[in-house]
Amino acid sequence: MNVLVTGGLGYIGSHTVVQLIEQGHEVIIIDNLSNSQIDVLENLKTITNSEIKLYIEDVRDKYALMKIFHQNKIDCVIHFAGLKAVGESTEMPLHYFDNNIGSTISLLEVMKEYNCKNLVFSSSATVYGEPERIPLDENCRLEVTNPYGRTKLFIEKILGDLYLSDNEWNIVILRYFNPIGAHKSRLIGERPNGIPNNLLPYVAQVATGEREFVRVWGNDYPTIDGTGVRDYIHVVDLANGHVCAINKIKET
């Protein structure tokens, strides 16, 4: 399939691009470089030994999207593009609603216009808020606690309404926690612009001397030492999950 990957130079997006190409798919990337670097493209070409078409555009720009769909036969879209910092979202909620929800609406409108109705949406387990039980499952209540999570939940609702209006759409929504790690080549990984919002790149910057120390928040969790514990998923496993979703859509 010809797959458009929004945010394809970002952390999860770039690893998914590699797995898509290894599975025989053709990839087109759109990325505005707001939290990624242009040199990732050359590293992706090196890893995959492939040419990869990149559009440096904002997904909110419908005219840019129309150009991409006009110039390429797009069979499916994986939608990663979006702001993702919980703390920042509480300080800039309007910016998050405009960017995350606005970009998705623009994307869906253009997909509909070009009769491309296959979508994998990269959501988040933040839509569960404070979990009612562990482990989580898809029947747990959805109860977000921050604007970032709210954008993800709103988008999920929009996609549900879209499918109810037109069941020709094939939509897969993936929710997950805390990706970490990097491709075995070490050419791509998590490289956020500015101060990292995720723990592991922050720890890595402390280890290399770029930052002085890691702050540990909380001392009253029900753990051995009172500090928090998290589960993580390797980014390549997560990327493969997105490719499996693409392959599932291809079967329908």
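This one's a predicted model, so the numbers in the text were calculated from it and none came from an experiment.

Thoughts on the nonpolar core
Counting residues in hydrophobic clusters, the biggest one holds 31 residues, and the most contacted among them are Val17, Leu20, Ile29, Leu44 and Ile246. Secondary structure elements with two or more residues in this core: β1 (2-6), α1 (11-22), β2 (26-30), α2 (39-48), β4 (76-79) and α8 (235-251). In terms of residue count, the dominant contributor to this core is α8 (7 residues). Setting aside its immediate chain neighbours within four residues, Val17 contacts Val5, Gly8, Val27, Ile29, Leu44 and Ile52. Grouped together as the second largest cluster of nonpolar side chains are 22 residues, Tyr55, Leu65, Leu119 and Leu159 included.

Details of the environment of Asn247
By the element assignment, Asn247 lies in helix α8. As a C-alpha pair, Asn247 and Gln71 span 176 residues in sequence and 24 Å in three-dimensional space. If we skip the residues at most four places from it in the chain, Asn247 touches Gln23 and His25.

A look at a nonpolar patch on the surface
There is a patch of nonpolar side chains on the surface, built from Leu199, Leu200, Val203, Val214, Val216 and Tyr232 and spanning about 460 Å² of accessible area. Inspection of the secondary structure assignment puts Leu200 in helix α7 (residues 199-207).

Regarding the sheet that holds β4
Reading across the sheet, the 6 strands line up as β3-β2-β1-β4-β5-β6 and stay open at both edges, with parallel pairing between neighbours. Both outer strands of the open sheet, β3 (53-55) and β6 (170-174), are each paired with one neighbouring strand and no more. Recorded for the sheet is a direction-independent mean angle of 20 degrees between the axes of neighbouring strands. In this structure, strand β5 (residues 118-122) lies alongside β6, joined through 5 bridges in parallel fashion. Bridged to Ser122 within β6 is Leu174. Those strands touched by helix α6 (residues 147-165) are β5 and β6, and its axis lies near 160 degrees from that of β5.

Things to note about the pairing of β5
Counted residue by residue, β5 has 5 buried out of 5 residues, so it is predominantly covered. Both faces of β5 are covered, namely the face carrying Asn118, Val120 and Ser122 and the face carrying Leu119 and Phe121. Pairing analysis gives 3 bridges linking β4 to β5, with the strands arranged parallel. From the neighbouring strand, His79 faces β5, where its bridge partner is Phe121. Taken together, β5, α6 and β6 constitute a β-α-β crossover, and its handedness is right-handed.

Notes on the state of the cysteines
Evaluated as defined, the whole model comprises 0 disulfides. Summary of cysteine pairing: Cys76 is not part of a disulfide, and the nearest cysteine sulfur, belonging to Cys116, is at 6.5 Å.

Topic: the side chain of Ser106
Tracing the backbone through its elements, the reader meets Ser106 in helix α5 (residues 93-113). Given the relative accessible area of 8%, Ser106 is considered buried. Reaching out from Ser106, the side chain makes a polar contact with the backbone oxygen of Arg60 at a distance of 3.1 Å. Other than its neighbours up to four places away in sequence, Ser106 contacts Val59, Arg60, Lys62 and Leu65.

Concerning the packing of α1 against α8
The interhelical angle for the contact between α1 and α8, taken along N-to-C directions, is 60 degrees, at an axis separation of 8 Å. Accordingly, the angle class assigned to the pair α1 and α8 is oblique. Along this stretch, α1 crosses α8, giving a crossing that reads as right-handed. Contacts between α1 and α8 involve Tyr11, Ile12, His15, Thr16, Gln19 and Leu20 on the former and, on the latter, Val235, Val236, Leu238, Ala239, Asn240, His242, Val243 and Ile246.

Describing the pairing of β1
Extensive coverage of β1 is indicated by the burial of 4 of its 5 residues. In this sheet, β2 lies alongside β1 in parallel orientation, the contact comprising 5 bridges. Bridge pairing in β2 places Leu4 opposite Ile28. Following the backbone out of β1, through α1 and into the adjacent parallel β2, one traces a crossover that is right-handed.

Conventions adopted
- Residues numbered from 1 in each chain as written.
- Predicted model: local features only at pLDDT ≥ 70, side-chain atom pairs only at ≥ 80, totals over all residues.
- Heavy atoms only, no water.
- Core = buried A, V, L, I, M, F, W, Y, C linked by side-chain atoms within 4.5 Å.
- Buried < 20%, exposed > 50% of the residue type's maximum accessible area, 1.4 Å probe, protein only.
- Helix = DSSP H or I, 4+ residues; strand = E, 2+ residues; numbered from the N terminus.
- Contact = heavy atoms within 4.5 Å.
- Patch = residues over 30% accessible without salt bridge, like charges linked within 9 Å, V, L, I, M, F, W, Y side chains within 5 Å.
- Areas by Shrake-Rupley, 256 points an atom, 1.4 Å probe, with all protein chains shown as cover.
- Salt bridge = Lys/Arg side-chain N within 4 Å of Asp/Glu carboxyl O.
- Pairing = 2+ DSSP bridges.
- Axes fitted to C-alpha atoms, helices over the stretch in contact; angles between N-to-C directions.
- Right-handed = clockwise from strand over helix to strand, strands pointing away.
- Disulfide = S-S within 2.5 Å.
- Polar contact = N/O pair within 3.5 Å; in protein donor to acceptor, adjacent residues only side chain to side chain.
- Parallel < 35°, antiparallel > 145°, perpendicular 65-115°, else oblique.
- Left-handed = near helix turned anticlockwise from the far one by under 90°.

Nothing here speaks to function; it is all geometry.
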